[in-house]
Amino acid sequence: FATLLLQLVCSDEAVSEIRMAAAVALKNFIRKNWMEVCEIFTLYAQRFEEEINPFMQNIIQAVWQLVVQTGNETRFDGMVCSALEFLSIICQKNHYESYFVGEGVLQTIAQDVCVKNLHLRQEDLEMFEDEPIEYMKKDIEGTDTCTRRRGAIDLVRALCRKFEERLVPVLAQLVQSLCSDGDWIKLDVVYCLVTAIASKTETAKSGATSTSQLINVADYYAGQVRGHLSANIDDMPILKADALKFVVTFRNQLPAEVLVEVIQAADRLLTSRFTILHKYAAFAVDKLLLVKEPNSTSVEAIQTGMFRMLLEKVVVAELASLQNMTTLEDKRIIAIGVANMLADATNYVG
């Protein structure tokens, strides 16, 4: 259908009215199928660069404007994700570098494309409270379906790989502006931006494996993250989840004393009224337990902190509950469980 419309538009034999009608129909068709169109643009940019190159400047501008002008309704998510993926791929190619270094271009992309799509929506907030498992899957584990936030983070990382020295000062100004009024929704966006800038490469197993020299994650922890983790356990739960995820991501770059501090904070969050924070706390403890550093003293400090928490919060609590057990079988089960935990902890600590 699109091919037929294109032939009519380009035909010299068709009367002007038909060509005009075909052009309008083709424009409407593209609008309704922007997701597929962006995927085609991405494919051509990767495999048929020479053929698409003469049209690329107009294509980039069209896709860019598409993201800027599209609302945040969920029905547009697929289209926006495809557009963000296209921009992420194109911006890293040397051939198209000139399209991104013009005056104000990076500023506009950062603010009107990236930051815009990093904001949580009402649906996300409802999922955080009502469907914590699904929220965590999207936030931590990732799913096969792209989200606007993940697409925007990928675009920030792609731009930083190519234009780090130009882009980081722009993003730093945005971060400062977002932090200025203390709005937790904006602070949530800041976590995304700082993580995207600082983490050049990362894996699920190790977290960040290489970081930007322009961002000091330890300073950001001291200035923002520590305050969010030490605040009332039921205040601003999304920021607490962000803080735990931040520490997990940069666990190999942060000093051991910080990790022990976070483990203690995670322990406190286990009593929060927000069930999802229990899951984030467990996720953080699980990852921090596996941190290995060349400095054996650091490892020992982490393990000692965990062992102390295990004794205080699990073993001692369960031993006290033995008084309320009425049957020998109940007491035996608890005693075996406590013994197994002590044995495992002792083996781990050595």
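Reading the values: rules and limits
- Residues numbered from 1 in each chain as written.
- Predicted model: local features only at pLDDT ≥ 70, side-chain atom pairs only at ≥ 80, totals over all residues.
- Heavy atoms only, no water.
- Patch = residues over 30% accessible without salt bridge, like charges linked within 9 Å, V, L, I, M, F, W, Y side chains within 5 Å.
- Areas by Shrake-Rupley, 256 points an atom, 1.4 Å probe, with all protein chains shown as cover.
- Salt bridge = Lys/Arg side-chain N within 4 Å of Asp/Glu carboxyl O.
- Lys, Arg positive; Asp, Glu negative; His and termini not counted.
- Charge placed at Lys NZ, Arg CZ, Asp CG, Glu CD.
- Helix = DSSP H or I, 4+ residues; strand = E, 2+ residues; numbered from the N terminus.
- Buried < 20%, exposed > 50% of the residue type's maximum accessible area, 1.4 Å probe, protein only.
- Pairing = 2+ DSSP bridges.
- Polar contact = N/O pair within 3.5 Å; in protein donor to acceptor, adjacent residues only side chain to side chain.
- Contact = heavy atoms within 4.5 Å.
- Phe/Tyr/Trp six-rings, centres within 6.5 Å; stacked < 30°, edge-to-face > 60°.
- Expected span 1.5 Å × (residues − 1).
- pLDDT = per-residue confidence, 0-100.
- Axes fitted to C-alpha atoms, helices over the stretch in contact; angles between N-to-C directions.
- Parallel < 35°, antiparallel > 145°, perpendicular 65-115°, else oblique.
- Nonpolar A, V, L, I, M, F, W, Y, C, P; charged D, E, K, R; others polar.
- 1 Å grid on protein atoms, 1.4 Å probe; cavity = no way out; pocket = protein on both sides within 12 Å on 5 of 7 lines; lining within 4 Å.
- Points joined across faces, edges and corners; volume = space filled by probe spheres on them.

1. Some details on a negative patch on the surface
A surface patch of like charges, here negative, comprises Glu-36, Glu-39, Glu-85 and Asp-154. Its place among the elements puts Glu-85 in helix α6 (residues 77–90). Looking at Glu-85, the relative accessible area reads 45%, which means it is partly exposed.

2. Some remarks on the pairing of strand β1 (residues 199–203)
Direction of pairing for β1 relative to strand β2 (residues 207–211): antiparallel, over a ladder of 4 bridges. Residue Thr-201 lies in a different strand from β2, and its bridge partner there is Ser-210. Connecting β1 to the antiparallel partner β2 that follows it, the hairpin turn spans 3 residues.

3. Details of the pattern of salt bridges
The tally for this structure, following the rule as stated, stands at 12 salt bridges. Taking the shortest distance from any N to any O, the salt bridge between Asp-77 and Arg-148 comes out at 2.7 Å. Of this pair, Asp-77 sits in helix α6 while Arg-148 sits in helix α10 (residues 148–179), placing them 71 residues apart in sequence. Residue Asp-77 shares its accessibility class with Arg-148, and that shared class is buried. Between Asp-188 and Arg-149 there is a salt bridge; the shortest N-O distance is 2.4 Å. Highlighted residues: Asp-188 in helix α11 (residues 184–198) and Arg-149 in helix α10, separated in sequence by 39 residues. No difference in accessibility class separates Asp-188 from Arg-149, as the two residues are buried. In this structure, a network of salt bridges that share partners links the residues Asp-77, Arg-121, Glu-123, Asp-124 and Arg-148.

4. Examining the side chain of Ser-212
Tracing the sequence through the fold places Ser-212 in the loop between β2 and α12 (217–230). Take Ser-212: its relative accessible area is 2%, and that puts it in the buried class. Here the side chain of Ser-212 touches Leu-214 through a polar contact of 3.0 Å, landing on its backbone nitrogen. Not counting residues within four places of it along the chain, the set of residues in contact with Ser-212 comprises Glu-164, Ile-197, Ala-198 and Lys-200.

5. Topic: the packing of aromatic side chains
With the rule as written, the count across this model stands at 9 aromatic pairs. Ring geometry for Tyr-96 and Tyr-99: centres 6.0 Å apart, planes at 20°, overall stacked. An aromatic cluster of three or more residues is present, and its members are Tyr-191, Tyr-220, Phe-246 and Phe-250.

6. Looking at helix α5 (residues 56–69)
With 14 residues, α5 should reach 20 Å at 1.5 Å per residue; the first-to-last C-alpha distance of 20 Å fits that figure. Among the structural elements, α3 (34–47), α4 (49–52), α6 and α7 (105–118) are those in contact with the buried residues of α5.

7. Description of the confidence of the model for the protein chain
For the protein chain, the average pLDDT comes to 81, and 75% of its residues sit at 70 or higher. Ranking the elements of the protein chain by mean pLDDT puts helix α16 (residues 296–321) last, at 56, and helix α13 (residues 237–249) first, at 96.

8. Observations concerning the packing of α11 against α13
At a closest axis distance of 10 Å, the pairing of α11 and α13 adopts a crossing angle of 10°. Taken as axis vectors, α11 and α13 run roughly parallel relative to one another. Of α13, the residues touching α11 (which contributes Trp-184, Leu-187, Asp-188, Tyr-191, Val-194 and Thr-195) are Ile-238, Leu-239, Asp-242, Ala-243, Phe-246 and Thr-249. For the contact of α11 with α13, the class distribution of residues is 8 nonpolar, 2 polar and 2 charged.

9. Quick word on a nonpolar patch on the surface
A contiguous nonpolar patch, built from Ile-40, Leu-43, Tyr-44 and Phe-48 and spanning about 340 Å² of accessible area, is present on the exposed surface. Assignment of secondary structure puts Leu-43 in helix α3.

10. Side note on the layout of surface pockets
When its volume is computed, the largest pocket comes out at roughly 1200 Å³. For the largest pocket, the lining is made up of 46 residues, of which Lys-138, Asp-139, Ile-140, Arg-150 and Lys-245 are closest to its centre. Ranked by residue count, the leading element in the lining of the largest pocket is α10, at 6 residues.

11. Describing the environment of Asp-286
If you trace the backbone, Asp-286 turns up in helix α15 (residues 275–289). According to the relative accessible area criterion, Asp-286 is partly exposed, its value standing at 43%. Through-space distance from the C-alpha of Asp-286 to that of Val-248 is 9.5 Å; in sequence the pair is 38 residues apart.

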